[in-house]
Amino acid sequence: MHVRFSSCIGLPITDELMEEDIGTLAGILMHPDTGVIEGFFSDRGLFLASADIAHWGTRIRVRGPHVLYPIEEHVRLSQLFLEGRSILGQRITTESGESVGRCRDVQFDTKHFLLEWLF
């Protein structure tokens, strides 16, 4: 499935075993060099790695509440997060250096979690 990040904000994050909501989607962490969607942030400030998502539909089903954790517990991703090199809000320029605006939204696929489009 191909989705825009802005349309995903507020989706419930559900423990697939207990059928219980454990948060809602509030943010995204993309690798600025590779376009990989590393994961998402919940409304509680906890991190959810893309690899821990079991199913993406009208809700995000995960393999239990333990998959939400503070980003500081993931060494590689916490470093990426602290660098602050976000794609959202980044200036977009042509090869000749002409500014065409700023990135306000992204589209990605929910199977491979790869960036597809910038808006």
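Reading the values: the criteria
- Residues numbered from 1 in each chain as written.
- Predicted model: local features only at pLDDT ≥ 70, side-chain atom pairs only at ≥ 80, totals over all residues.
- Heavy atoms only, no water.
- Helix = DSSP H or I, 4+ residues; strand = E, 2+ residues; numbered from the N terminus.
- Rg over C-alpha atoms; globule rule 2.2 N^0.38 Å.
- Contact = heavy atoms within 4.5 Å.
- Areas by Shrake-Rupley, 256 points an atom, 1.4 Å probe, with all protein chains shown as cover.
- Lys, Arg positive; Asp, Glu negative; His and termini not counted.
- Charge placed at Lys NZ, Arg CZ, Asp CG, Glu CD.
- Salt bridge = Lys/Arg side-chain N within 4 Å of Asp/Glu carboxyl O.
- Buried < 20%, exposed > 50% of the residue type's maximum accessible area, 1.4 Å probe, protein only.

A.B. asks: Looking at this structure, how should I read the overall build of the chain?
C.D. replies: From N to C terminus, the chain includes two helices and twelve strands. Counting from the amino terminus, the chain carries its helices and strands in the arrangement β-α-β-β-β-β-β-β-β-α-β-β-β-β. Its C-alpha atoms give the chain a radius of gyration of 15 Å, near enough to 14 Å, the size a compact globule of 119 residues would have. Overall, the chain is about 55 × 30 × 20 Å in size when its C-alpha atoms are taken along their principal axes. Partitioning the contacts of the chain with sequence separation of at least 6, the portion at a separation of at least 24 is 43%. Summed over all atoms, the accessible surface of the chain reaches about 6900 Å², with 52% contributed by carbon and sulfur. Side-chain charges in the chain split into 11 positive and 17 negative, and the spacing between the mean points of these groups amounts to 5 Å.

A.B. asks: What am I meant to see in the environment of Leu118 here?
C.D. replies: Structurally, the position occupied by Leu118 is in strand E12 (residues 115-118). Sequence separation of Leu118 and Gly10 is 108 residues, and the distance between their C-alpha atoms is 20 Å. Every residue in contact with Leu118, bar those within four places of it in the chain, is listed here: Ile87, Ile92, Cys103, Asp105 and Val106.

A.B. asks: What should I look at first to understand the pattern of salt bridges in this one?
C.D. replies: Side chains bearing opposite charge may pair, as long as their charged atoms lie close to each other. Considering all chains together, one arrives at six salt bridges under this definition. One salt bridge connects Asp105 with Arg4, and the closest N-O pair in it is separated by 3.1 Å. With a gap of 101 residues between them, Asp105 in the loop between strand E10 (99-102) and strand E11 (106-109) and Arg4 in strand E1 (residues 2-4) connect regions that are remote in the sequence. The exposure class of Asp105 is buried, given its relative accessible area of 4%. Exposure remark for Arg4: the relative accessible area of 35% places this residue in the partly exposed category. In this structure, Arg59 engages Asp21 in a salt bridge whose closest nitrogen and oxygen atoms are separated by 2.6 Å. In this pair, Arg59 is assigned in the loop between strand E6 (53-56) and strand E7 (60-62) and Asp21 in strand E3 (residues 20-30), connecting sequence segments 38 residues apart. Overlapping salt bridges bring together Asp33, Glu83 and Arg85 as one network.

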